[in-house]
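Tertiary structure, described
Each chain, letter by letter, is given below.
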Amino acid sequence: MLRRPLLLLLLLAGCSKGPQADLQYISSARSLAGEWALVNEQANQGHLTHAYVKTMRQSIRQQLQTNAQSLTEPKSGYGSEIGALLREPDDAPPAALRVHATNLKHVEDSLESA
Amino acid sequence: MSRTALNPLELTLGIMTAVGGFVDISQLVFSGQAGSMFGYSLISAFAISTIGIMVYGEMCGRVAAVAHQPLFSLMRHRLGLKLGLVTLVASVLSTLVTTAAEIGGLGMILNHLTGAPYMLMCVASTLALMASMWILPFKWIERTYGLLGLFMIVFVVALVAMHPPWGKMAGGLVPQVPHGLSNKQLLNYSYFVVAIFSAVMFPYEAFFYSSGGIEEGWKPKQLLTNRVTSIVGMGLGSLLSIAVLALAALLFAPTDVAPQMPGSVALQTAIPFGKLGLLAALLGMLFAVGGAAVETCMANAYSISQFFGWEWGRHKKPWEAPRFTIAWIVMMLLALAIVLTGVEVMKLVGYAVVFSIVVLPLSYLPLMLLADDKSYMREYANKWLAKILGWLFFVIVTVAAIAAIPLYVLTAGGQG
Amino acid sequence: MRRDSAIKLVSQLLDLPLIDKDGRWCGVVDDVEFDGTPGKVTRIKALLVGPGAYEGRLPSWAFWLARKIAGTRIARVPFDRVENIASAVHLDCAAEDMNLNRAEDEAGRWIPRWGAL
């Protein structure tokens, strides 16, 4: 509940070239969280093959790692959010993954309007 | 004018091949992202660029059928050695990156289908592609990948099953800029317009289509077949890309998903149809992308061979055109080497699209000049409609070529 | 166009592909050789084919690179072997007679002759 305003505050306090440079990784991580949620949701409904689910989760995690490592401000609020996303288990509930996506979306929107 | 012949079976096969062979990894990626980020508004970019490739595709086939010379050979004659070499090098490099993107895409698709490691699947698919290019003659290479690519029709079926807002989709045919975009989003939108034009009008398509016409022994009596195949086939093929875009607008946009991986596109058919839909989508993507990998590799071998006057063509046995054979083998292995460096497929797709659009004006200008030239084309030279559309699209691709690199840099490849 | 027609060298001859009497591609017209002296009629004596003929048509650094990659071979095709000039130069002889396909034959030794339909 407090995470969203906290992220925004941290963002406003530290608004510099860092967050702007990291915007592409934040956008990518936000979308990956959404893709992960969609995969898990469809897997729970039995719509996907085992091989597809396993390899999509692997690819998403790999891409998220790359995004996290590319951040210029890894210790920022959004950096922590991506870290928390990476700590989710492979079969995390879609709703939990979408919370991360929503939080990252708020950061993205603030950066784009700054 | 000679009597034109229309063989219904040849025509049907030609159209089906063009449909199944239209989509490649770049179009899959950009359709998915375009729909999720900008709704239906970029349908117009697909529609307009498809008209462009129809115009140039028809011209390529006509030049092949009438002048009996492939595009790159006539290009060297028109541009001369120096400018011709610049065009050759630029074209080969951009098409090589495109081949690498297709092989990376194939590796990903096979990884999702089988669970086997990605790099191993890139090597396996390269070997399988090379085997098919060695064993099969030209007509069967084209038909196999084109017809099996028709599994992609599952995307159109999925779209119909999802009951999309047809009115809004039709509205997307009108060129527009969505309301309320920030400056950054506007730059992203512009990048996507350029990227879609590049992905639909890749220069390798012209070189492949022109050489293919000669491989198949086209004469002026096949001009009607050429026209119908390029217009109907490419038009219907474009519908596959538009279906992927529309499904992304329906399914991905509400959850702010802009697919970061080609594999996510297959979710669009899994949602309505479950595992069968997923498998059909992955198989369609496999053959469409596989076909594109073969086309790009052969387009490079055609370009090099025709530029230097070597024997060329897959209507000959590999040992009857040895330097051409060595050229396509080397191109395929170089593309695999690029993939094995570990560069991400999405990055390769971005590079392929940007490098290709920069080369587009150099590729299509000689085609326009040749198709206009009555000394080669006789009574089959461009009439007024082909002239107007050809020059109009030349201006469009030139503007896109100038804007491509700045837009790629400013938007970090469409990601921000 | 026949070989005794008036010809525009650059727009109608240079950089056209060469095709022998059997329909095989055997190079490109990379340069032309003239016969004649100042003040007299000039005729084309031969077509020059091969990377050695790029000299003068490319900047020196580019020609150096071409030489390193492809060598300096030049094959001379006497102009009287030209049968017809259209979108390609058609010869009235086989490529072997003019030493035009040596590189193709050398490359052919590396290609296995099986497996293709």
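Residues numbered from 1 in each chain as written. Chains lettered and ligands numbered in written order. Predicted model: local features only at pLDDT ≥ 70, side-chain atom pairs only at ≥ 80, totals over all residues.

Examining the overall build of chain B
Per the secondary structure count, chain B includes 16 helices and zero strands. The C-alpha radius of gyration of chain B comes to 20 Å, within 12% of the 22 Å expected for a compact globule of 416 residues. If one aligns the C-alpha atoms of chain B with their principal axes, the spans along those axes are about 55 × 45 × 45 Å. Counting the 416 residues in chain B, one finds 61% classified as buried. Considering only contacts in chain B between residues 6 or more positions apart, those separated by 24 or more positions represent 85%. (Helix = DSSP H or I, 4+ residues; strand = E, 2+ residues; numbered from the N terminus. Rg over C-alpha atoms; globule rule 2.2 N^0.38 Å. Buried ≥ 20, exposed ≤ 12 C-beta atoms within 10 Å, placed from the backbone. Contact = placed C-beta atoms within 7 Å.)

Some remarks on the overall build of chain C
A tally of helices and strands in chain C yields three helices and seven strands. For chain C, the N- to C-terminal ordering of α and β elements is α-β-β-β-β-α-β-β-β-α. Summarising its shape, the C-alpha atoms of chain C cover approximately 60 × 35 × 20 Å along the three principal directions. Buried residues in chain C amount to 27% of all 117 residues. Long-range contacts, defined as pairs at least 24 residues apart, comprise 44% of the intrachain contacts of chain C with a sequence gap of at least 6.

Here we look at the interface of chain B and chain A
Across the contact, 25 residues belong to chain B and 26 residues belong to chain A. Every element with two or more residues in the side of chain B that touches chain A is listed here: helix H4 (71-114) and helix H12 (267-308) of chain B. Of the residues forming the side of chain B that touches chain A, the biggest block, six residues, is contributed by H12 of chain B. Class assignment of the residues belonging to the side of chain B that touches chain A gives a composition of ten nonpolar, twelve polar and three charged. (Nonpolar A, V, L, I, M, F, W, Y, C, P; charged D, E, K, R; others polar.)

So, the interface of chain B and chain C
Facing the 28 residues of chain B at the interface are 23 residues of chain C. For the side of chain B that touches chain C, the secondary structure elements donating two or more residues are H4, helix H5 (118-135) and helix H13 (322-340) of chain B. No other element matches H4 of chain B, which puts eight residues into the side of chain B that touches chain C. Here the residues of the side of chain B that touches chain C sort into 15 nonpolar, eight polar and five charged.

Focus on the nonpolar core
Core analysis: the biggest nonpolar cluster contains 200 residues, and Val63 and Ile196 of chain B have the highest contact counts within it. Ranked by residues supplied to this core, first place goes to H12 of chain B with 24 residues. (Core = buried A, V, L, I, M, F, W, Y, C linked by C-beta atoms within 7 Å.)

Regarding the sheet that holds strand S2 (residues 25-28) of chain C
All names here are of chain C. The four strands lie next to each other as S2-S1-S7-S6, forming an open sheet whose pairing is mixed. Whereas interior strands pair on both sides, the edge strands pair on one side only; in this sheet they are S2 and strand S6 (82-85). The mean angle between the axes of side-by-side strands here comes to 25 degrees, regardless of whether they run parallel or antiparallel. Pairing of strand S1 (residues 17-19) with strand S7 (residues 89-91) involves two bridges; the strand directions are parallel. What sits directly across from leucine 18, in S7, is valine 89. (Pairing = 2+ DSSP bridges. Axes fitted to C-alpha atoms, helices over the stretch in contact; angles between N-to-C directions.)

So, the pairing of strand S5 (residues 75-78) of chain C
All names here are of chain C. Of the two faces of S5, only the one carrying Ala75 and Val77 is buried; Arg76 and Pro78 on the other face are not. Of the strand pairs in this sheet, strand S4 (residues 43-49) and S5 are connected by four bridges, and their pairing is antiparallel. Bridging from a neighbouring strand, valine 49 pairs with alanine 75 of S5.

Focus: the environment of tryptophan 114 of chain C
All names here are of chain C. On the secondary structure map, tryptophan 114 appears in the segment after helix H3 (102-108). Tryptophan 114 sits in the exposed class, given 8 other C-beta atoms within 10 Å. For the pair tryptophan 114 and tryptophan 64, spaced 50 residues apart in sequence, the C-alpha separation works out to 38 Å.

Describing unusual backbone geometry
A positive phi angle, near 55 degrees, is found at aspartate 256 of chain B, a position not held by glycine. Examined against the element boundaries, aspartate 256 of chain B turns out to sit in the loop between helix H11 (223-251) and H12. Taking the number of C-beta atoms within 10 Å as the measure of exposure, aspartate 256 of chain B has 19 and is therefore partly exposed. In this model, aspartate 15 of chain C sits at a positive phi of 70 degrees, which is unusual for a non-glycine residue.

Side note on the confidence of the model for chain C
Taken residue by residue, chain C gives an average pLDDT of 88. The fraction at 70 or more is 91%. Note on the complex model: pTM 0.91, ipTM 0.91. (pLDDT = per-residue confidence, 0-100.)

Here we look at the packing of helix H9 (residues 183-200) of chain B against helix H14 (residues 345-372) of chain B
The packing of two helices is summarised by the inter-axis angle and the distance between the axes. Residue and element names in this part refer to chain B. At a closest axis distance of 9 Å, the pairing of H9 and H14 adopts a crossing angle of 75 degrees. In this view, H9 runs roughly perpendicular relative to H14, as classed from their interaxial angle. Residues Val194, Ala195, Phe197, Ser198 and Ala199 of H9 touch H14, and the partners they reach there are Val353, Ser356, Ile357 and Leu360. Each residue belonging to the contact of H9 with H14 can be placed in one class, and the counts come to seven nonpolar, two polar and no charged. (Parallel < 35°, antiparallel > 145°, perpendicular 65-115°, else oblique.)

Things to note about the arrangement of the chains
Most contacts, when the two pairs of chains in contact are compared, are made between chains A and B. Separated without contact, chain A and chain C have their nearest C-alpha atoms at a distance of 34 Å.

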